[in-house]
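Below, each chain spelled out in residue letters.
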Amino acid sequence: QEIKHVYQFIQSISSLGNYEFIFFFSSRRRHTRCSGVSWARRCVQETDLLLSRSIFNQDYALFKESANVGTYQPSPQSYVNPDHLRYFKFVGRIIGKALHDGYQLDAFFTRSMYKHMIGQSLSIHDMEDIDPEYYKNLKWILNNDPTPLDITFSYETDDFGKLKNVELIPDGHNIQVTNENKEQYVREMCYARMARDIKSQIEAILEGFHELIPPNLVSIFDSRELELMISGLPDIDIQDLKENTEYHNCLLYTSDAADDLLCVDLGGRRIIKKKK
């Protein structure tokens, strides 16, 4: 409700003419002259950015960081928060709104999450983005005979300190994984980790997301393209930046330790201009 009031206030401001505003965004004080529409756009962008950062707050218990540090997917234990599905629906709306308005969020999801958004099938390779070591184990099973490992169609999960045994298929704890059924085991395990265990959370996110972005509009993209639109590039290619940047009226400094470039003019501002 508070966020709704913020957006209503921003919408009312957008009808103003040219005024001088002082911005307090992310603890930075800026003084500038702009139109009401421009001010409103900046507010919306900053609000979406701050919200995208806060959704991963561990106090909400909504998302879990993958072993491949830096990406997130819904936590199977999010039910500890009684309103978790409402929160997930709100998260979906924030993602959809940012995509609709052309803003990028300060949030990176696992590859499987982007595939859920566009309705694309999951694969074993998507597990690498969630847990690289576990992905290697599954690949080993596919390339070798797992019979001596004495594993079954079940797995253990840590539910707030209590170990729970979950079956991948009916009576799975009594069915041994062999060279004949290992592909089914890997397929079921990947589906459980990336979809079944967080099914209600994913459905809530997609419900909110599709309220603003219809499925047919995003189905034309692949998961990497959607990630680029929602989150941008997680890494900066320094070499590409060097090769495609012009420096005007500035002093050029180099850092041997980081092998990077920093351009500072006499006024103390960075001036970086992208080549056309």
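Bear in mind the structure is a predicted one, so any value in this text is a computation, not a measurement. (Residues numbered from 1 in each chain as written. Predicted model: local features only at pLDDT ≥ 70, side-chain atom pairs only at ≥ 80, totals over all residues. Heavy atoms only, no water.)

### Thoughts on the side chain of serine 231
- Position of serine 231 among the secondary structure elements: in helix 10 (residues 223-231).
- Within polar-contact distance, the side chain of serine 231 engages the backbone oxygen of alanine 107 at 2.4 Å. (Helix = DSSP H or I, 4+ residues; strand = E, 2+ residues; numbered from the N terminus. Polar contact = N/O pair within 3.5 Å; in protein donor to acceptor, adjacent residues only side chain to side chain.)

### Quick notes on the pairing of strand 5 (residues 154-159)
- For strand 5 and strand 6 (residues 162-167), the ladder comprises six bridges, and the chain directions are antiparallel. Each residue of the ladder has a partner; that of serine 154, found in strand 6, is glutamate 167. (Pairing = 2+ DSSP bridges.)

### Remarks on the pattern of salt bridges
- What the rule picks out here adds up to nine salt bridges.
- Among the salt bridges present, the one from aspartate 126 reaches lysine 115, with a minimum N-O distance of 3.0 Å. Taken together, the positions of aspartate 126 in the loop between helix 4 (111-118) and helix 5 (127-130) and lysine 115 in helix 4 put the pair eleven residues apart, joining distant regions of the chain. By the burial criterion, aspartate 126 is buried, and lysine 115 matches it. (Salt bridge = Lys/Arg side-chain N within 4 Å of Asp/Glu carboxyl O. Buried < 20%, exposed > 50% of the residue type's maximum accessible area, 1.4 Å probe, protein only.)

### Observations regarding the environment of aspartate 197
- Turning to its location among the elements, aspartate 197 is positioned in the loop between helix 7 (182-194) and helix 8 (199-212).
- Judged by its relative accessible area of 27%, aspartate 197 falls in the partly exposed class.
- When the C-alpha positions of aspartate 197 and proline 74 are compared, they lie 9.5 Å apart, and in sequence the two are 123 residues distant.
- In this structure, aspartate 197 is in contact with Pro76, Tyr155 and Ala192, ignoring residues within four places of it in sequence.
- At 2.7 Å, the side chain of aspartate 197 forms a polar contact with the side chain of tyrosine 155. (Contact = heavy atoms within 4.5 Å.)

### Points about the confidence of the model for the protein
- On average, residues of the protein carry a pLDDT of 76, and 67% of them reach 70 or more.
- When pLDDT is averaged over each element of the protein, helix 8 comes out on top at 95 and strand 1 (residues 18-25) at the bottom at 41.
- Throughout residues 1-37 the model reports pLDDT below 50, and contacts reaching past four residues in sequence, or to other chains, amount to 58 contacts.
- Below a pLDDT of 50 lies the segment residues 253-276, which in the model reaches 42 contacts outside its immediate sequence neighbourhood of four places, other chains included. (pLDDT = per-residue confidence, 0-100.)

### Remarks on the packing of aromatic side chains
- The final tally for this structure, using the stated rule, is four aromatic pairs.
- Ring plane angle 70 degrees and centroid distance 5.5 Å describe the contact between phenylalanine 63 and phenylalanine 88, whose orientation is recorded as edge-to-face. Here phenylalanine 88 lies in helix 3 (residues 84-101) and phenylalanine 63 lies in strand 3 (residues 63-65), a separation of 25 residues in the sequence.
- Ring centres 5.6 Å apart and planes at 90 degrees place the aromatic pair phenylalanine 153 and tyrosine 185 in the edge-to-face group. You can see phenylalanine 153 sitting in the loop between helix 6 (132-143) and strand 5 and its partner tyrosine 185 sitting in helix 7, a full 32 residues away along the chain. The same class applies to phenylalanine 153 and to tyrosine 185, which are both buried.
- In textbook terms, an aromatic cluster arises when at least three aromatic residues are bridged by ring pairs, as seen for Phe63, Phe88, Phe109 and Tyr114.
- Cation over ring: arginine 193 sits above tyrosine 134, and NZ or CZ is 5.0 Å from the ring centre. (Phe/Tyr/Trp six-rings, centres within 6.5 Å; stacked < 30°, edge-to-face > 60°. Lys NZ or Arg CZ within 6 Å of the ring centre and 35° of its normal.)

### Structural notes on the nonpolar core
- Residues Phe63, Ile95, Phe109, Met117 and Ile230 are the most contacted members of the largest nonpolar core, which totals 30 residues.
- Where this core is concerned, the elements lending two or more residues are helix 3, helix 4, helix 8 and helix 10.
- In terms of residue count, helix 3 provides more of this core than any other element does, six residues in total.
- Here isoleucine 230 is in contact with Ile95, Leu99, Tyr103, Gln104, Leu105, Tyr114 and Met117, once residues within four sequence places are set aside.
- Among the nonpolar cores identified, the runner-up in size contains 17 residues, and Tyr135, Ile141, Phe153 and Tyr185 belong to it. (Core = buried A, V, L, I, M, F, W, Y, C linked by side-chain atoms within 4.5 Å.)

### Section: unusual backbone geometry
- Even without a glycine there, the phi angle at aspartate 150 is positive, about 55 degrees.
- Relative to the assigned elements, aspartate 150 resides in the loop between helix 6 and strand 5.
- The phi dihedral of aspartate 171 falls on the positive side, at around 60 degrees, and the residue is not glycine.
- Relative to the helices and strands, aspartate 171 resides in the loop between strand 6 and helix 7.

### Describing the side chain of asparagine 181
- One can find asparagine 181 in the loop between strand 6 and helix 7.
- A polar side-chain atom of asparagine 181 sits 2.6 Å from the main-chain amide nitrogen of threonine 178.
- Setting aside residues no more than four positions away along its own chain, asparagine 181 makes contact with Phe153, Ile175 and Gln176.

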